[in-house]
Amino acid sequence: MDFKTATDADLDADRITIITEQERRATLVAIPAEVTRLAKQYREIGGDQAEIDAAIAPFRKTF
């Protein structure tokens, strides 16, 4: 796209699309790290790993 000839509305739409994609990518990185951190914390305070496994199991892909 030639940004010099784009309208302000076009530029704003592209900006929103780009920011949304950057946020999606950041979330894809952040969630596994957060799950790992929470699972570790849960186990450290006496939580059962089987409970974590059961909570995650419905979301596992099967091939």
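To be clear, the structure that these remarks concern was listed above.
Each value, and the rule that gives it
Residues numbered from 1 in each chain as written. Predicted model: local features only at pLDDT ≥ 70, side-chain atom pairs only at ≥ 80, totals over all residues. Heavy atoms only, no water. Helix = DSSP H or I, 4+ residues; strand = E, 2+ residues; numbered from the N terminus. Rg over C-alpha atoms; globule rule 2.2 N^0.38 Å. Buried < 20%, exposed > 50% of the residue type's maximum accessible area, 1.4 Å probe, protein only. Axes fitted to C-alpha atoms, helices over the stretch in contact; angles between N-to-C directions. Contact = heavy atoms within 4.5 Å. Nonpolar A, V, L, I, M, F, W, Y, C, P; charged D, E, K, R; others polar. Salt bridge = Lys/Arg side-chain N within 4 Å of Asp/Glu carboxyl O.

Visitor: Tell me about the overall build of the protein chain, and please be specific about residues and values.
Guide: Helix and strand content of the protein chain: 2 helices and 0 strands. Taking 11 Å as the expected radius of gyration for a compact globule of 63 residues, we find that the protein chain reaches 20 Å, considerably beyond that expectation. Considered along the principal axes of its C-alpha atoms, the protein chain spans approximately 60 × 30 × 15 Å. Put simply, the protein chain has 63 residues, and 5% of those count as buried.

Visitor: A description of the packing of helix 1 (residues 8-44) against helix 2 (residues 49-56) should follow, citing residues and the corresponding values.
Guide: Between two packed helices, both the angle of their axes relative to each other and the distance between the axes serve to describe the pair. For the pair helix 1 and helix 2, interaxial distance at closest approach is 9 Å and the crossing angle is 150°. Side by side, helix 1 and helix 2 meet where V35, A39, Y42 and R43 of the first sit next to Q49, E51, I52 and I56 of the second. Considering only residue class, the contact of helix 1 with helix 2 consists of 5 nonpolar, 1 polar and 2 charged.

Visitor: Account for the pattern of salt bridges, naming residues and giving values.
Guide: What the rule picks out here adds up to 5 salt bridges. A salt bridge links D12 to R15; its shortest N-O distance comes to 2.4 Å. With D12 and R15 both in helix 1 and 3 residues apart, this pair spans about one turn of that helix. Classification of D12 as partly exposed rests on a relative accessible area of 33%. Relative accessible area serves as the criterion here: at 44%, R15 is assigned to the partly exposed category. For E21, the salt bridge identified is with R25, shortest N-O distance 2.8 Å. Of this pair, E21 and R25 both sit in helix 1, separated by 4 residues, roughly a single helical turn. Through salt bridges with shared partners, a single ionic network connects E21, R24 and R25.

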